Amino acid sequence: MTGPFPSDHNGGPPLEEDEGPPVPRYCKYCRHWSPPSDGEVRTYEWFRLGLSRRRVKRPSGTCDRVLMQPGKPLAFAATVDTFGCLNFSTKPPPPVQRGRGFVTVYEGDHIVWQGHEEDVPEEYR
């Protein structure tokens, strides 16, 4: 097909990619950021909720690709989860987990096997 549209276009309006809701440009959503340890986060939450009297600083993760101004070199920094820089890159979505469906196998009106689909015995596949 020749014309102003790409060969796979059907002549309709351009389709917009549905990427879901916009993600804030915070470090916790960036692929370059490494979060603090679970222990640090848990200790801070206990302090914040008043369950601990020991003062604890807000936990910070690390990033080796922080860009504060255009044209400047990338830098290493300890950053909190709500910090944002000019080198933000969205994390890829987590993979969809498949294969945990629940299966019931009947013979006539009687149930002969129940369980997860990856555990189905060969004689019932």
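For the structure, check the block above.
Here the structure is a predicted model, which means the values were calculated and not measured.

**Some remarks on the overall build of the chain**
Counting its regular elements, the chain contains one helix and five strands. For the chain, the sequential pattern of α-helices and β-strands runs β-α-β-β-β-β. Scored against the burial criterion, the 125 residues of the chain give a buried share of 15%. Put simply, 34% of the contacts in the chain that link residues at least 6 apart link residues at least 24 apart. Per element, the accessible surface of the chain, about 10,500 Å² overall, is 52% carbon and sulfur.

**Examining the sheet that holds strand E1 (residues 33-34)**
In spatial order, the strands read E1-E2-E3; together these three strands make up an open sheet with antiparallel pairing. Either end of the sheet is taken by a strand with one partner, and the two such strands are E1 and strand E3 (75-79). Where E1 meets strand E2 (residues 61-66), two bridges bridge the pair, whose relative direction is antiparallel. Paired with Trp33 across the bridge in E2 is Cys63.

**A short note on the nonpolar core**
Ranked by size, the top nonpolar core spans five residues in total: Cys27, Trp33, Cys63, Val66 and Cys85. The residues contacting Val66, other than those within four sequence positions of it, are Pro73, Leu74, Ala75, Ala77, Thr79, Phe83 and Cys85.

**So, the environment of Gln114**
Along the chain, Gln114 turns up in strand E5 (residues 110-116). Classification of Gln114 by relative accessible area gives partly exposed; the value is 44%. Taking the C-alpha atoms as reference points, Gln114 and Val103, 11 residues apart in sequence, are found 5.6 Å from one another. With near-sequence residues (within four places) excluded, Gln114 lies in contact with Phe102, Val103 and Thr104. Side chain to side chain, Gln114 and Thr104 meet in a polar contact 3.5 Å long.

What counts, and where the lines are drawn
- Residues numbered from 1 in each chain as written.
- Predicted model: local features only at pLDDT ≥ 70, side-chain atom pairs only at ≥ 80, totals over all residues.
- Heavy atoms only, no water.
- Helix = DSSP H or I, 4+ residues; strand = E, 2+ residues; numbered from the N terminus.
- Buried < 20%, exposed > 50% of the residue type's maximum accessible area, 1.4 Å probe, protein only.
- Contact = heavy atoms within 4.5 Å.
- Areas by Shrake-Rupley, 256 points an atom, 1.4 Å probe, with all protein chains shown as cover.
- Pairing = 2+ DSSP bridges.
- Core = buried A, V, L, I, M, F, W, Y, C linked by side-chain atoms within 4.5 Å.
- Polar contact = N/O pair within 3.5 Å; in protein donor to acceptor, adjacent residues only side chain to side chain.

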